[in-house]
Amino acid sequence: MVKSSSVLIKALVVILIFIATEFMGSIRLGAFTIRHLAVILMVLFLIFNKNSYSLCKDHIFRPLLLYFIFVAFLGLLNDLYEFNGIELVFAYFLPSAVITLFILNFVKDLTTLKYILYGILVLVILDSILTILQGTNHPLGWIITSLIHSSELVAENKDLMDSYSGTSLGLSIASGLLGSVVVNGYFLASFGLLFVLPILGKITIRNIIASLSFFLIVLIALYYNQQRMAFYAFIFLSTIMIGYIIKVKGGTLNTCIITCIIVFICALLFNNFSNIELGRLAEVDSSVTNERNSNSIEYFSDFLWKDNNLFLGNSVAYRKLHNGSTPHNMFAETTLYGGIFGLLIYIVFLCKLFNSMFCQFKKRNCFIILPICCICGIMLVALTHSSGFHTGFTLGFYAYSFFVIFKRYNLVLDKTY
């Protein structure tokens, strides 16, 4: 029996680590940022404590670890270290491995994980509220953000919004607690799916109302965030999760209650859909999107076959050709960093990961759907952006760690929650 005080302290430590690495990377204490200090503390824990979980023995993570090492080595040959190679390796690859190793050696029971997930859900709601405040150009939204991130950037975004329309619609500058509008989209589209936590424990009217309220808050935040893939990925994965939970939980009454409320909410939304200004969310064929697609096509048809780019990758040369922009595609970006062999190693990781998630998905355990959908949310957004597991995007490694913990304790989780 895990002592409640120990559980709460452990959960609080992980939540504080999460806040430090994801929200406070721009706050400096001398030569280090708070993110740096959090990583150092995790490394010290791993050094001075007996660790039972090894990434090298993780058959899913092992190919990704090999990919990290391969890209770090390849950077010596493709000028990566002249651009952002040092930052990529030490600020992203290394922290991602450390975070995963730390959590899997620090969190050893499902009760602790439950509190961690609820803590992150609270952060999601706070971030959503801040995003909505920014999106509606409320002064409080910018004041709070300026306490965490660059006041110059905040002032620039506010001025841009003031001169545009008074809202973030069509601009995509509501960055919430994350400081980056794109990363905020990743966060809301993936960890925003924790809105189902109340109904996972027990399906009651109160819990259904709580989950639907959280869902609407996150959806509205994504609306003002204006990141297209994040918005639609969240809706798509939410639908899958709700359907899966209804199927697993069973029960005619539960199914009827959830279905009726969902139908009612959807009817309200669709009834007013024609009157809603969607901004960038409706611009599927925008000039920016077409330009990015053109860049990706040119990358595969031309750039890839120049010199040794196929084997060495060369993100530096590519960015110089396209004024610093990236292909905005996970697979293209992976090839830029690791060449064709780096891409193949990364695909092995993806195959192992999705095979494991699919096997867990078939076991009809509604709790495992949470980390699975969080991972899928990050993957979907990465299809139109440059960050993901391939770049050491730390949000993804929290989700992966939670998936491994759920899988490690392959139990009837309803009794634990």
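Bear in mind that the values here come from a model prediction, so they are computed numbers and not experimental data.

Remarks on the overall build of the protein
A tally of regular secondary structure across the protein gives 18 helices and two strands. In the protein, which comprises 417 residues, the share counted as buried stands at 53%. Across the protein, every contact between residues at least 6 apart in sequence was considered, and the portion connecting residues at least 24 apart equals 76%. Here the protein displays about 18,800 Å² of accessible surface, and carbon together with sulfur accounts for 68% of that area.

Details of unusual backbone geometry
The phi torsion of most residues other than glycine is negative, and most of the peptide bonds are trans. A positive phi is found at asparagine 137, a non-glycine position, where the angle reads about 60 degrees. The residue glutamine 226 is not glycine, and still its phi comes out positive at about 65 degrees.

As for helix 8 (residues 181–190)
For helix 8, the tally of buried residues reaches eight of ten residues, placing the bulk of the element in the interior. The inward-facing, buried residues of helix 8 abut helix 1 (4–23), helix 5 (110–135), helix 10 (205–225), helix 11 (228–249), helix 17 (369–382) and helix 18 (394–408).

Let's talk about a nonpolar patch on the surface
On the surface, Leu29, Phe32, Leu37, Ile40, Leu41, Val43, Leu44, Ile47 and Phe48 cluster together into a nonpolar patch covering about 850 Å² of accessible area. Here the nonpolar patch gets seven residues from one element, more than from any other, and that element is helix 2 (residues 34–48). Looking at the element boundaries, isoleucine 40 is found in helix 2.

Some remarks on the packing of aromatic side chains
Throughout the structure, instances matching the rule amount to 27 aromatic pairs. Considering the side-chain rings of phenylalanine 18 and phenylalanine 191, the 5.7 Å spacing of their centres and the 75 degrees angle between planes classify their relative orientation as edge-to-face. Residue phenylalanine 18 is found in helix 1, and its partner phenylalanine 191 is found in the loop between helix 8 and helix 9 (197–201); the two are separated by 173 residues along the sequence. Judged by its relative accessible area of 1%, phenylalanine 18 falls in the buried class. Between tyrosine 346 and phenylalanine 349, the ring centres sit 5.8 Å apart and the planes meet at 40 degrees, which makes this aromatic pair tilted. Here phenylalanine 349 and tyrosine 346 lie together in helix 16 (residues 330–361), a separation of three residues that amounts to about one turn. Pairwise contacts between aromatic rings join Phe61, Tyr67, Phe68, Phe93, Tyr346, Phe349, Phe389, Phe397 and Tyr400 into one cluster. Directly above the aromatic system of phenylalanine 106 lies the positively charged group of lysine 10, at a separation of 5.3 Å from the ring centroid. Above the ring of tyrosine 115, the side-chain terminus of lysine 114 is found at 4.7 Å from the ring centroid.

Looking at helix 5
Look at helix 5: 36 Å from first C-alpha to last across 26 residues, which is about the 38 Å you get at 1.5 Å a residue. Between the side-chain oxygen at the start of helix 5 and the backbone nitrogen of threonine 111 there is a gap of 3.1 Å, and the oxygen is on aspartate 109. At the exit of helix 5 stands asparagine 137, carrying a positive phi of roughly 60 degrees.

Looking at the packing of helix 3 (residues 61–74) against helix 16
Between helix 3 and helix 16, the shortest axis-to-axis distance is 8 Å and the interhelical angle comes to 175 degrees. With respect to helix 16, the element helix 3 is oriented roughly antiparallel. Across the interface between the two elements, Pro63, Leu64, Leu66, Tyr67, Phe70, Val71 and Leu74 from helix 3 touch Thr334, Tyr337, Gly338, Gly339, Phe341, Gly342, Ile345, Tyr346, Val348, Phe349 and Lys352 from helix 16.

A few points about the packing of helix 1 against helix 2
Following both chains from N to C, one finds helix 1 and helix 2 inclined at 135 degrees, their axes separated by 7 Å at the closest point. In terms of their interaxial angle, helix 1 and helix 2 are classed as oblique. Crossing geometry of helix 1 relative to helix 2 is assigned as left-handed. Judged by residue contacts, Ile17, Ala20, Thr21 and Glu22 of helix 1 engage Ile34, Arg35, Ala38 and Met42 from helix 2.

Re the pattern of salt bridges
The final tally for this structure, using the stated rule, is one salt bridge. Notably, a salt bridge pairs glutamate 333 with arginine 319, separated by 3.0 Å at the nearest N-O pair. One end of the pair, glutamate 333, is in helix 16; the other, arginine 319, is in helix 15 (residues 315–321), and 14 residues separate them in sequence. With relative accessibility at 1%, the residue glutamate 333 sits in the buried group. Residue classification places arginine 319 among the buried positions, given a relative accessible area of 12%.

Remarks on the side chain of threonine 131
Within the element layout of this structure, threonine 131 appears in helix 5. Excluding its chain neighbours within four sequence positions, the residues that come into contact with threonine 131 are Ala174, Gly176, Asn184, Leu188, Ala221, Tyr224 and Asn225.

What to know about the environment of histidine 138
By the secondary structure assignment, histidine 138 is in the loop between helix 5 and helix 6 (139–148). Along the backbone, histidine 138 and lysine 158 are 20 residues apart, and their C-alpha atoms lie at a distance of 9.6 Å.

Remarks on the confidence of the model for the protein
With 82% of its residues at a pLDDT of 70 or more, the protein shows a mean pLDDT of 84. Low pLDDT, under 50, characterises residues 411–417; the predicted model gives this stretch 18 contacts beyond four residues in sequence or across chains.

Calculation notes
Residues numbered from 1 in each chain as written. Predicted model: local features only at pLDDT ≥ 70, side-chain atom pairs only at ≥ 80, totals over all residues. Heavy atoms only, no water. Helix = DSSP H or I, 4+ residues; strand = E, 2+ residues; numbered from the N terminus. Buried < 20%, exposed > 50% of the residue type's maximum accessible area, 1.4 Å probe, protein only. Contact = heavy atoms within 4.5 Å. Areas by Shrake-Rupley, 256 points an atom, 1.4 Å probe, with all protein chains shown as cover. Patch = residues over 30% accessible without salt bridge, like charges linked within 9 Å, V, L, I, M, F, W, Y side chains within 5 Å. Salt bridge = Lys/Arg side-chain N within 4 Å of Asp/Glu carboxyl O. Phe/Tyr/Trp six-rings, centres within 6.5 Å; stacked < 30°, edge-to-face > 60°. Lys NZ or Arg CZ within 6 Å of the ring centre and 35° of its normal. Expected span 1.5 Å × (residues − 1). Polar contact = N/O pair within 3.5 Å; in protein donor to acceptor, adjacent residues only side chain to side chain. Axes fitted to C-alpha atoms, helices over the stretch in contact; angles between N-to-C directions. Parallel < 35°, antiparallel > 145°, perpendicular 65-115°, else oblique. Left-handed = near helix turned anticlockwise from the far one by under 90°. pLDDT = per-residue confidence, 0-100.

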